[in-house]
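Understanding the architecture of this molecule
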Amino acid sequence: MDAVIENLPVFLEGFGRTLTLLIISGASALAIGIVVAAMRISPVASFRGFAAVYTEIVRNTPLTLVLFFMAVVVPYLGIRADFFPLATVGLAVYTSPFFAEAIRSGINGVPIGQAEAARSIGLGFGQTLRLVVMPQALRMVVPPLINVFIALTKNTSVAGGFFVIELFASARVVINDRGDAVIAILVAVAVFYLIITIPLGQIAARIEKKVAILR
């Protein structure tokens, strides 16, 4: 394990970059997902159509292709930015449909009587969604949302192939210098990922039990 210990600052820097990617792109994807989910159930047909097309296209596009577009095509179009924010945008866009579908399933799980009662007291669609339906829906789908965050954690490694030195890319740098310790380096990388994903899984399990009790 001497190769891991000697290069611990490199791993920690990559780990911090992975966490930053996860937090920023995850929060952005969740915000986009809420908007898309609301559009999917909107009474406006054009909103529903746009949200459905966006979800199907982005969800079925490989993440590698999305990041390739952000890293190569976007700069070619004249938009100058560092690769890190471009990767963040790409991950957020790619992940948002998965958040949207999870949230939409939660909205569909809210009893229809809740929305009818809200409308009966004069609330419009936006007020009903924001004040009555969405809070209940988000509470029900917290475990699936956390599962999407776990998947996003692993997907950040793809950004390493597009000039972003995150955790997995840091491991490649170390392996180039210490090819005799490949197994130990890969095990160390796996442990760093588990530091993120295991707590997220435990949080999802606890919230799922709490929601089940409340029901």
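The following paragraphs examine the structure supplied in this document. (Residues numbered from 1 in each chain as written. Predicted model: local features only at pLDDT ≥ 70, side-chain atom pairs only at ≥ 80, totals over all residues. Heavy atoms only, no water.)

1. Remarks on the packing of helix α4 (residues 63-76) against helix α5 (residues 83-109)
- Where α4 contacts α5, the two axes come as close as 9 Å, and the packing angle between them is 140 degrees. By the angle class used here, α4 and α5 are oblique. Relative to α5, the crossing made by α4 is right-handed. Judged by residue contacts, Leu-63, Val-66, Leu-67, Met-70, Ala-71, Val-74 and Pro-75 of α4 engage Phe-83, Leu-86, Ala-87, Val-89, Gly-90, Leu-91 and Tyr-94 from α5.
- Looking at the contact of α4 with α5 residue by residue, the classes come out as 13 nonpolar, one polar and no charged. (Axes fitted to C-alpha atoms, helices over the stretch in contact; angles between N-to-C directions. Helix = DSSP H or I, 4+ residues; strand = E, 2+ residues; numbered from the N terminus. Parallel < 35°, antiparallel > 145°, perpendicular 65-115°, else oblique. Left-handed = near helix turned anticlockwise from the far one by under 90°. Contact = heavy atoms within 4.5 Å. Nonpolar A, V, L, I, M, F, W, Y, C, P; charged D, E, K, R; others polar.)

2. As for the packing of aromatic side chains
- Following the criterion strictly, the structure yields five aromatic pairs and no others.
- On the basis of an interplanar angle of 20 degrees and a centroid distance of 6.2 Å, the ring pair of Phe-11 and Phe-192 is categorised as stacked. Separated by 181 residues along the polypeptide, Phe-11 in helix α2 (residues 8-40) and Phe-192 in helix α10 (residues 182-214) bring together distant segments of the chain.
- According to the relative accessible area criterion, Phe-11 is buried, its value standing at 0%.
- Here Phe-192 falls in the buried class, since its relative accessible area comes to 11%.
- For the pair Phe-50 and Tyr-54, a centre-to-centre distance of 6.3 Å together with 20 degrees between the ring planes defines the contact as stacked. Taken together, the residues Phe-50 and Tyr-54, both in helix α3 (residues 45-59) and four residues apart, mark about one turn of the helix.
- Assessed through its relative accessible area of 18%, Tyr-54 is described here as buried.
- The structure contains a cluster of three or more aromatic residues connected by ring pairs, namely Phe-11, Phe-15 and Phe-192. (Phe/Tyr/Trp six-rings, centres within 6.5 Å; stacked < 30°, edge-to-face > 60°. Buried < 20%, exposed > 50% of the residue type's maximum accessible area, 1.4 Å probe, protein only.)

3. Some words on the environment of Thr-156
- Its place among the elements puts Thr-156 in the loop between α8 (142-155) and α9 (167-177).
- A relative accessible area of 0% places Thr-156 in the buried class.
- Along the chain, Thr-156 and Thr-88 lie 68 residues apart, while their C-alpha atoms are 8.9 Å from each other.
- Contact partners of Thr-156, with chain neighbours within four places excluded, come to Thr-18, Leu-21, Leu-22, Leu-91, Glu-166 and Tyr-193.
- For Thr-156, the side chain forms a polar contact with the main-chain oxygen of Thr-153, separated by 2.5 Å. (Polar contact = N/O pair within 3.5 Å; in protein donor to acceptor, adjacent residues only side chain to side chain.)

4. Focus on the nonpolar core
- Phe-11, Leu-21, Ala-159, Val-164, Leu-167, Ile-185 and Val-189 are the most contacted members of the largest nonpolar core, which totals 33 residues.
- Secondary-structure elements contributing two or more residues to this core are α1 (2-6), α2, α4, α5, α8, α9 and α10.
- At nine residues, the largest contribution of residues to this core is made by α10.
- Among all residues touching Leu-21, those that are not within four sequence positions of it are Gly-26, Phe-84, Ala-87, Thr-88, Leu-91, Thr-156, Ala-159, Val-164 and Glu-166.
- If you look at the next biggest cluster of nonpolar residues, it comprises 23 residues, including Ala-92, Ile-107, Val-110 and Leu-129. (Core = buried A, V, L, I, M, F, W, Y, C linked by side-chain atoms within 4.5 Å.)

In short, the description is geometric, and any link to function would need to be established separately.
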